[in-house]
Amino acid sequence: MFFLAPIDSHHVTGIDKLTRTEVVGPMTKRSAFIVLIVFMLPLAACGEPEPSNLPAGAGATQEAITQNMVATRQAKTNAASSATATQTPSAGSLIAAATATVSPASPTPTDLPGEPTATSGIPDVLSEEPAGYLLSRLPPLVAFPEGFAITREGRSTAESLSQIYLNPQSRSEYQQYLEHLGLQRAALRFYDLIGATHDDALTRMVHMRAHVLEFSSWDRANEWMYYERDRLLRCECDMSNASIVHMGEESVAVHGINSGTDTGLPALAVVWVRQGSTVWEVEAESLEHDTLPDAVEIMQATLAQPDDRLEVTLPWTLNVPNGFVVTRAQSQSSEEVAEAFAADPLAHQDRLQQWGFVQAHIRTLTLLGVQPHQTEVLVSQVVEYGSPEQAAEALTFEHSYAQSTDGMVDVQVVPLGAGAAAATGTHVADDGTTREIAIVWVQISNRVYAYGGTSQTHPPLPEVHAIAAESLARTGD
């Protein structure tokens, strides 16, 4: 159970003291730089087929590259700086530690080639290895500094990975090469520092791409890893090998200046790690800052994370309208789940134990740059219990709690999974602002999924229900 309630940026308000939000402030110059980063095609990396966007000779020094990158994009930056947006409240779960601040931009995540469409039905039992499970092996959002968000994610194919090449011939040859190496499956995520300024980009990492790829054998995985390293070293860039701490079974790294980037961030560090037939690759970018330490630290956190596949059964950026980014994604203990039940969290923790609590995960997606008649914040949560019967008891309790304690009303929805319930309500903030709230609960075997949304302009229930249906159908393949 979680309650969705907005607060302002200065103090906590809402129905109970545990409510937290991710506040989205008005558009300012702070958010202009990141607009450029997110809108650029962030798949291209330095390599033979890609011509540099800079004038001849600009790649000689880091200073020259930076000056040209800034100059060629200054007009767009100034234009983006003058835009304005209305302050958007967020919705928070009742988790005491969840507070993040983001400034609105307008990123547009794009579906990756090879993504399946949602199936028509919701399975009664989700696969132990859900479609896209590789997403759970990518860097966790909690490994990044405050302010970062997941701006794009999904499964990859040999075809989509070959898009780094602009030349059709090179693109086709690279796709065939990946297929020859026995690429089994892959996934990627993009991470951006929301609201990054030009000064931020000069002094810290502001963008990262992360891939995880599974090949048919360890030696083919090894071959791909070194092929990618050599591709960066032999391109017309100032890239060199880097010495890093040993990770996995084998690890290599490069860093330097990638003058062919399409993101406008030439300072690049790339780290590859192979474990068996799986290869992780992280690419950290900035304007001038050496991002190698950031890449190494995040790779270490990625390899150390526990195997938690619950997250990939929650909505991805592909399941929501353009403009949403993941601002929170983390596992939860029974204590953290119980904090949502502010009337008596200790009593609910006892209930969780009686229901055989196993694990839980929560994900918050926030809309950057609010559009009329759109849901502003989506919070999704999955809790795994000891049995389907115990999950059914938990769902019934949460639905009743929302009505009796939070003042919401029961509404009928199209059934999903083994059972579903929904409730809607209205929240009035201290400043008089009114927002509509909707929560949909779905039982899948011994799991209970909860999806909540808020909107100032329309009832969000249809959108919340549709996102629940699409994400559960997609991950249940």
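As shown above, the structure is provided for reference.
Residues numbered from 1 in each chain as written. Predicted model: local features only at pLDDT ≥ 70, side-chain atom pairs only at ≥ 80, totals over all residues. Heavy atoms only, no water.

Asks: Looking at this structure, I do not really get the overall build of the protein. What am I missing?
Replies: When helices and strands are counted, the protein shows 11 helices and 16 strands. For the protein, with 477 residues in total, the buried portion stands at 59%. Taking contacts inside the protein between residues at least 6 apart in sequence as the whole, the part at least 24 apart equals 72%. Total accessible area on the protein stands at roughly 17900 Å², and carbon and sulfur atoms take up 51% of it. (Helix = DSSP H or I, 4+ residues; strand = E, 2+ residues; numbered from the N terminus. Buried < 20%, exposed > 50% of the residue type's maximum accessible area, 1.4 Å probe, protein only. Contact = heavy atoms within 4.5 Å. Areas by Shrake-Rupley, 256 points an atom, 1.4 Å probe, with all protein chains shown as cover.)

Asks: Please explain the environment of T405 as it appears in this structure.
Replies: For T405, the position within the fold is in the loop between α10 (388–404) and β13 (409–411). Along the sequence, T405 and A343 sit 62 residues apart, while their C-alpha atoms lie 8.0 Å from each other.

Asks: Would you mind going over the nonpolar core with me for this structure?
Replies: Proteins that are soluble and globular tend to have nonpolar side chains buried together. Of all hydrophobic cores here, the largest spans 65 residues; its most connected members are Y191, M208, V271, L292, V442, Y449 and L472. Looking at this core element by element, the count peaks at 6 residues for helix α11 (residues 461–475). In this view, Y191 contacts L138, P139, L141, F144, F148, A149, I150, T151, V206, H207, M208 and A210; residues no more than four positions away in its chain are not counted. With 25 residues, the next largest nonpolar core counts L178, W224, C235 and W272 among its residues. (Core = buried A, V, L, I, M, F, W, Y, C linked by side-chain atoms within 4.5 Å.)

Asks: Explanation requested: the pattern of salt bridges in the structure shown.
Replies: Pairing of side chains with opposite charge becomes possible as their charged atoms draw close. Applying the stated criterion across every chain, the model contains 18 salt bridges. Notably, a salt bridge pairs R274 with E250, separated by 3.5 Å at the nearest N-O pair. Of the two residues, R274 sits in strand β8 (residues 267–275) while E250 sits in strand β7 (residues 250–257), which places them 24 residues apart along the sequence. The structure contains a network of salt bridges with shared partners spanning E129, R137, R185, E214, D307 and R309. (Salt bridge = Lys/Arg side-chain N within 4 Å of Asp/Glu carboxyl O.)

Asks: Help me understand the packing of aromatic side chains in this model?
Replies: Tallied over the full model, the rule gives 13 aromatic pairs. Both rings, one in Y177 and one in Y227, keep their centres 4.8 Å apart while their planes meet at 40°; by these two values the pair is tilted. Remark: Y227 occurs in helix α6 (residues 218–234) and Y177 occurs in helix α4 (residues 168–180); sequence separation between them is 50 residues. Under the relative-accessibility criterion, Y177 is labelled buried at 18%. Geometrically, the ring pair formed by F397 and Y401 is tilted, given 6.0 Å between the ring centres and 35° between the ring planes. On the criterion of helical spacing, the pair formed by F397 and Y401 is a turn pair, its members being 4 residues apart in helix α10. Look at F397 and you get partly exposed, because its relative accessible area is 24%. Geometry around Y227 places R234 over its ring, the cationic atom sitting 5.4 Å from the centre. (Phe/Tyr/Trp six-rings, centres within 6.5 Å; stacked < 30°, edge-to-face > 60°. Lys NZ or Arg CZ within 6 Å of the ring centre and 35° of its normal.)

Asks: Sorry, what's going on with α6 here?
Replies: Given 3.6 residues per turn, any residue in an α-helix points the same way as the ones three and four places further on. When the terminal C-alpha atoms of α6 are compared, their 24 Å separation across 17 residues agrees well with the 24 Å that a helix rising 1.5 Å per residue should span. Contact partners of the buried residues in α6: α4, β5 (207–214), β6 (238–241), β7, β8 and β9 (278–286). (Expected span 1.5 Å × (residues − 1).)

Asks: For this particular structure, what's the right way to read the pairing of strand β16 (residues 447–455)?
Replies: Along any regular strand, the residues point their side chains to alternate faces of the sheet. Along β16, 9 of the 9 residues are buried, which leaves the element largely enclosed by surrounding structure. Where burial is concerned, the two faces of β16 agree: the one with R447, Y449, Y451, G453 and S455 and the one with V448, A450, G452 and T454 are both buried. Strand direction decides the pairing type here: strand β15 (residues 434–444) and β16, joined by 9 bridges, are antiparallel. What sits directly across from Q443, in β16, is V448. The hairpin formed by β15 and β16 contains 2 residues between the paired strands, and S445 there has a positive phi angle of roughly 55°. (Pairing = 2+ DSSP bridges.)

Asks: Got a minute to help me understand the side chain of Q381 in this structure?
Replies: By secondary structure assignment, the location of Q381 is in strand β12 (residues 377–384). On the accessibility criterion, Q381 (2% relative accessible area) is buried. For Q381, the side chain forms a polar contact with the side chain of Q332, separated by 2.9 Å. (Polar contact = N/O pair within 3.5 Å; in protein donor to acceptor, adjacent residues only side chain to side chain.)

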